[in-house]
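Working through the structure, step by step
Spelled out from the first residue to the last, the chains are:
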Amino acid sequence: MIVGGVDIGSTTAKAVVLRGDEIILGTILRVTTKPEHTANLAMEEALKKAGLSSVQELDYVVATGYGRQKTTFANENISEISCHARGAWHVCPSVRTIIDIGGQDCKSMSVTEKGTVAGFEMNDRCAAGTGRFFDVMAKVLTCGYDGISSLQNVSETPAHITSQCSVFAESEVISLVNNDVPLADIITGINLSVAGRAGGLLRRVGVKSDVVMTGGCSRNAGLIHALEKALGVPILMLPVDPQFMGAVGAAVFARDKATAAKAVPVATQPAKEASHGTV
Amino acid sequence: MGLSETSPTFRDLARIAGTLRNPRVDSWKSGGGKVMGYYCSFIPEEIFVAAGLLPFRIRGTGSQGTELADQYYTQVSCTFPRHSFDQALRGEFDFLDGLVVGTSCDTIRHTFDNWKHAGLKTPFTYLLHRPHVTGELQVDYYRRQLEKLKSAVEEHFAARITDEKLWEAIELCDETRRLQQELYALRKVPNPAITGSETVAVMVAGASMPKTDYNAALRTLLAELGTAPGGGKAGAARLMIAGCAHDDPSLCAIVEAEGGIVVTDFTCFGGKVMLESIGPRSGDPLLALARYGVLDRPFCPKIGGAHPMRKQAVLDMVRDFKVDGVIGQVLVSCDPWGGEMFLLKDELKEAGIPMLKFETDYLPSSVGQLTTRVQAFLETVRR
């Protein structure tokens, strides 16, 4: 059985092909202004890596992420909260708590022993403490995202960033820069600030080991370090790229659905043939 | 197919709920009638009905922003009074002949000051002091406050509100509540013929038109719904919304578009207004109204000492309507409901009822995030 999962996030798109137990990751792409087109591009990458030529060769596809409802080649869509939990549990069954920090959202989830969501919390409305926040800070500090995430920039004397709002925090950082505060102190302060917010979300669902981080911000080693410090527990590294966890979870759901419902292969479903686009 | 397509009665009610000055208000005014605007569900409409006035519950329907109102409020005021007051500043409530505001939350109470400070020309304005604690002593105090309100209304509108008229008004409003209870009862079945968003429209219309007309429309609608097929949502997760002033059907519509069905609610424009009756007539009608407001139905979270009653009302609804999950909706910066929800979340958890809490503005925003949360919630509830 070959199935697919595609995650159209606020900033990047990721797709995965699941062939038996083999997880084949696609490529992380920036989203375009057309979610359906983005989904096609992302899936095309994963299909290429799997040596497949068309989405019609997949038995079932689940879409997740902001663009999930516009992914017309998918058989169904499932929320990214369920998908991240399922994906992380699939590759690491000991996981019980997840923090997913993406481009625009921050979510915490508690996971049961069976990989289902026991509870979740999500940031309300504002993008403070998400990937966007880091983008803004990297621009102000002209250090790029690599500079923000580098463990080389972890300081023992972090600057204190008090504002929760990205825009006001940017003003604070500009003041610190102009007061000659060392870059590492500012960067550590930024990561601690985001870790504080994420820690608050995690505590609402309950912090139970193993704890893992998923989403694009899981690439930020400085943030993971800050979060471990804030929570007092280690953040486990997942064996599969954590940024793909939404897509992995979607693919695992696709396999479950295809197996359970003995789903009709995609290729025989006339409703979707017209919407395959470039895939 | 929704009720908009099948029921002219519903279409009429939805039109009334979808605007402020509606044809029923126009026809009331053209017949020489006066309209009394009021904030909050605890304000006793019965006094206005007894005075021959049309009670009109103030809301922010049609508002696109709060640019005019913002200068009157602090940053930590919720958006319901902001939007409704913005509408007032734009002249949308110029049809009101009177305004009664109660001492519920601070923001609503300040709206009374703002209304006067802004120089709005509403001919009659009155601030009703309602106790912030439940109890027998407060009933006595509140009865005296209602007496003062009655006298002020009598004097300004040259009306004489006898006990007989008050009881007649109470019976009319009780009939509204009874019919609304019947409407809600229809949603206890596995596949209700009316959705949550449609119910919001029906409930909001009830506070925006003459009670006699509304009761007649409700009877017709109930007869139609009694023979109507189900809404095609058998097996969907059955949800309840609890929380703030909720007069916009679109919030329910967002929830229901994700696959759930809202079968009941504990909100200021919805379920809370019809849970109890005041009659049968017995003795002093003002005392009956006072008891109803602070002792029998202390459903405003601004009334201290009554949380156990509100919790019980929510749990009873969960049981009676076979609710699978509760959505707690709090307007950003609403302190009374913020605190209430904090307690309710743990209490529902203890009762084994899943709850999703979210903060929104009066106009739904960040719909993408909202739908993700609702969808994830439904996925966990259905499991």
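Residues numbered from 1 in each chain as written. Chains lettered and ligands numbered in written order. Predicted model: local features only at pLDDT ≥ 70, side-chain atom pairs only at ≥ 80, totals over all residues. Heavy atoms only, no water.

Further remarks concern the overall build of chain B. Across its full length, chain B carries 15 helices and eight strands. Expected size for 383 residues packed as a compact globule is a radius of gyration near 21 Å; at 20 Å, chain B falls within 12% of this value. Projected onto the principal axes, the alpha-carbon positions of chain B cover approximately 60 × 45 × 40 Å. Out of the 383 residues belonging to chain B, those deemed buried represent 58%. Taking the intrachain contacts of chain B between residues at least 6 apart in sequence as the baseline, contacts between residues at least 24 apart amount to 75%. Here chain B contributes 43 positive and 47 negative side-chain charges, whose respective centroids are spaced 1 Å apart. (Helix = DSSP H or I, 4+ residues; strand = E, 2+ residues; numbered from the N terminus. Rg over C-alpha atoms; globule rule 2.2 N^0.38 Å. Buried < 20%, exposed > 50% of the residue type's maximum accessible area, 1.4 Å probe, protein only. Contact = heavy atoms within 4.5 Å. Lys, Arg positive; Asp, Glu negative; His and termini not counted. Charge placed at Lys NZ, Arg CZ, Asp CG, Glu CD.)

This paragraph deals with the overall build of chain A. Counting its secondary structure elements, chain A contains nine helices and eleven strands. By the compact-globule yardstick of 19 Å for 279 residues, chain A fits well, its C-alpha radius of gyration being 19 Å. Counting only C-alpha atoms, chain A reaches 65 × 40 × 30 Å along its principal axes. Burial analysis of chain A (279 residues in total) assigns 55% to the buried set. In chain A, the proportion of contacts linking residues at least 24 apart, taken out of those at least 6 apart, comes to 68%.

Moving on, we come to the interface of chain A and chain B. Across the boundary between the two partners, chain A contributes 20 residues, which contact 20 residues of chain B. Across the interface of chain A and chain B, roughly 1600 Å² is buried in total on both sides, 43% from carbon and sulfur atoms. Linking chain A with chain B are one salt bridge. Among the ionic pairs, Lys345(B) bridges to Glu121(A), the shortest N-O distance being 2.8 Å. Taken together, the links from chain A to chain B amount to eight residue pairs in polar contact (both at pLDDT 80 or more). Taken together, the elements giving at least two residues each to the side of chain A that touches chain B come down to helix H2 (80–91) and strand S9 (117–122) of chain A. For the side of chain A that touches chain B, the residue count by class is six nonpolar, seven polar and seven charged. (Buried area = accessible area lost by both parts, 1.4 Å probe. Salt bridge = Lys/Arg side-chain N within 4 Å of Asp/Glu carboxyl O. Polar contact = N/O pair within 3.5 Å; in protein donor to acceptor, adjacent residues only side chain to side chain. Nonpolar A, V, L, I, M, F, W, Y, C, P; charged D, E, K, R; others polar.)

What follows concerns the sheet that holds strand S8 (residues 355–360) of chain B. Residues and elements named next belong to chain B. The strand order across the open sheet formed by four strands is S6-S5-S7-S8, and the pairing between neighbours is parallel. With one partner strand each, in any of the chains shown, strand S6 (261–267) and S8 form the two edges of the open sheet. Recorded for the sheet is a direction-independent mean angle of 25° between the axes of neighbouring strands. Contacts between helix H14 (residues 335–350) and the sheet are confined to strand S5 (238–243), S6, strand S7 (325–331) and S8, with S7 contributing the most and set at about 165° to the helix. (Pairing = 2+ DSSP bridges. Axes fitted to C-alpha atoms, helices over the stretch in contact; angles between N-to-C directions.)

What follows concerns the state of the cysteines. Joining two cysteines, a disulfide is a covalent bond between their sulfur atoms. If you walk through the whole model with that rule in mind, you get zero disulfides over all chains. With no disulfide of its own, Cys268(B) lies 6.7 Å from the sulfur of Cys300(B), the closest cysteine sulfur. (Disulfide = S-S within 2.5 Å.)

Residues and elements named next belong to chain B. Relative orientation of the contacting elements helix H8 (residues 163–185) and helix H12 (residues 285–296) amounts to 35°, with a least axis distance of 9 Å. In this structure, H8 uses Asp 163, Leu 166, Trp 167, Ile 170 and Arg 177 to contact H12, whose residues at the interface are Pro 285, Leu 286, Ala 288, Leu 289 and Tyr 292. Residue composition of the contact of H8 with H12, by class: eight nonpolar, no polar and two charged.

What follows deals with the pattern of salt bridges. One pass over the structure, following the stated rule, counts 35 salt bridges over all chains. With a shortest N-O distance of 3.3 Å, Asp100(A) and Lys107(A) are connected by a salt bridge. In terms of burial, Asp100(A) and Lys107(A) fall into one category: buried. For the salt bridge of Asp320(B) with Arg319(B), the shortest nitrogen-to-oxygen distance reads 3.0 Å. Accessibility expressed as a relative area gives 30% for Asp320(B), which makes it partly exposed. Overall, the relative accessible area of 54% leaves Arg319(B) in the exposed class. Ionic contacts of the salt-bridge type, sharing partners, join the residues Glu175(B), Arg178(B), Glu182(B) and Arg219(B) into one network.

Once that is clear, we can look at the domain arrangement of chain B. Residue and element names in this part refer to chain B. Here the domain parsing of chain B yields domain 1 (21–159) and domain 2 (165–382). The C-alpha-based centres of domain 1 and domain 2 are spaced at 22 Å. When the two sides are added together, the surface that domain 1 and domain 2 hide from each other amounts to roughly 3600 Å², 66% of it contributed by carbon and sulfur. Broken down residue by residue, the surface that domain 1 buries against domain 2 is led by Glu 46, Arg 57 and Thr 134, which jointly contribute 17%. Taken together, the links from domain 1 to domain 2 amount to five salt bridges. Measuring nitrogen to oxygen at the nearest pair gives 2.5 Å for the salt bridge that ties Asp 284 to Arg 143. Across the domain 1-domain 2 interface, the total number found is 15 residue pairs in polar contact (both at pLDDT 80 or more). Put simply, the parts of the chain that give the side of domain 1 that touches domain 2 at least two residues each are helix H3 (23–30), helix H4 (45–50), strand S2 (54–57), helix H5 (79–89) and helix H7 (136–157). Among the elements that make up the side of domain 1 that touches domain 2, the one with the highest residue count is H7 (eight residues). Classifying every residue of the side of domain 1 that touches domain 2 gives 21 nonpolar, 15 polar and ten charged. (Domains from an automatic or database assignment.)

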